[in-house]
Each structure stands twice: as structure tokens, then as C-alpha cells.
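Structural characterization, general
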Amino acid sequence: RKEDAVWIGTLDVITCRKTSVRLELVDRFLDNGLEVLGVQEHRVVHSEDLKVEHHQEGVRFISVSAWRNGSGASVGGVGALVSRKAYDSICLMRGFGTRTLR
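What this report covers is the structure whose coordinates are included nearby.

Focus on the pairing of strand 1 (residues 8-12)
- With five bridges joining them, strand 1 and strand 2 (residues 36-40) adopt parallel strand pairing. From the neighbouring strand, Gly9 faces strand 2, where its bridge partner is Leu37.
- Considered for its hand, the β-α-β crossover made up of strand 1, helix 1 (residues 19-31) and strand 2 is right-handed.

Right, here's the structure in full:
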């Protein structure tokens, strides 16, 4: 049944280093009624092994850091936008290397 469906998507965001771009991504996530959106190539570099950003309506952006290449440009980065319901259902999260979130 449609009301029991869990909507999941994936997106190669190219880059979302700016907070304003992540906020726009959260708005589109909410507009489309998703529970989970896998994100790749976000290019956000951070020091945490796993970073959780809190956004409106309980949405969380969970990410594994991108890295710097030899020229200093940020490369890669994976993560997920999750609804409050999905986040509350998670019992364990770990970054596994620089390319995987499990």
C-alpha cells in the first residue's frame, strides 16, 4: 500500500560544501516525502569520522568526510539525508573508509 511505502533515493550532488546548498537539498528531500536519500560526491571536508547535522523537521545529514587531493581540492564524500523517523530507527552508524557509510 502506498501509505506504508518507505521512499528512498540516491543523488550525486557534485558538491554541497555551502550550507545554503545543503538547506536546498533538505527542502527538496522534504518536498518529495523521502525517508532516506543517499548522497555521494558532497565534497564537504570535516575532521569527524562521522558528522551529523540537524536540519528542519528533524532531518539529519549524516556524512563521511571528503578528502583533499594533491592540488588541495576536496574530492568525494558520502552521506545520507534521513528523516526523523529513519534516524530514530538507526541503532549503529559508522563510516567505513572514505567511500562508504554503513
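Topic: the sheet that holds strand 3 (residues 51-54)
- A sheet is described by the order of its strands in space; here five strands give the open sequence 1-2-7-4-3, paired in mixed fashion. Looking along the sheet, the strands with just one partner apiece sit at the ends: strand 1 and strand 3. Within this sheet the neighbouring strands show an average axis-to-axis angle of 20 degrees, counted without direction.
- Sheet topology note: the strand 3/strand 4 (residues 60-64) ladder contains four bridges and is antiparallel. Within strand 4, the position partnered with Glu53 by the bridge is Phe61.

Focus: the nonpolar core
- Core analysis: the biggest nonpolar cluster contains twelve residues, these being Val13, Cys16, Leu25, Val26, Phe29, Leu34, Leu37, Val39, Val44, Val59, Phe61 and Leu81.
- Residue assignment for this core shows that the elements contributing at least two residues are helix 1 and strand 2.
- Among residues more than four places away in sequence, those in contact with Val59 are Val26, Phe29, Leu30, Glu53, His54, Leu81 and Val82.

Here's the deal with helix 1
- For helix 1, built from 13 residues, the straight-helix expectation of 18 Å at 1.5 Å per residue is met to within 8% by its first-to-last C-alpha distance of 18 Å.
- Taken together, the buried residues of helix 1 touch strand 1, strand 2, strand 3, strand 4 and strand 7 (78-82).
- The positive-phi residue at the C-terminal boundary of helix 1 is Gly33, with phi of around 65 degrees.

Side note on unusual backbone geometry
- A positive phi is found at Ile14, a non-glycine position, where the angle reads about 65 degrees.
- When you line up the elements, Ile14 lands in the loop between strand 1 and helix 1.
- Judged by relative accessible area, Ile14 falls into the partly exposed class, the value being 48%.
- Backbone geometry places Arg43, a non-glycine residue, at a positive phi of 60 degrees.
- Along the chain, Arg43 turns up in the loop between strand 2 and strand 3.
- We classify Arg43 as partly exposed; its relative accessible area is 25%.

What counts and what doesn't
Residues numbered from 1 in each chain as written. Predicted model: local features only at pLDDT ≥ 70, side-chain atom pairs only at ≥ 80, totals over all residues. Heavy atoms only, no water. Pairing = 2+ DSSP bridges. Helix = DSSP H or I, 4+ residues; strand = E, 2+ residues; numbered from the N terminus. Right-handed = clockwise from strand over helix to strand, strands pointing away. Axes fitted to C-alpha atoms, helices over the stretch in contact; angles between N-to-C directions. Core = buried A, V, L, I, M, F, W, Y, C linked by side-chain atoms within 4.5 Å. Buried < 20%, exposed > 50% of the residue type's maximum accessible area, 1.4 Å probe, protein only. Contact = heavy atoms within 4.5 Å. Expected span 1.5 Å × (residues − 1).

These results come straight from atomic positions and should not be treated as a statement about function.
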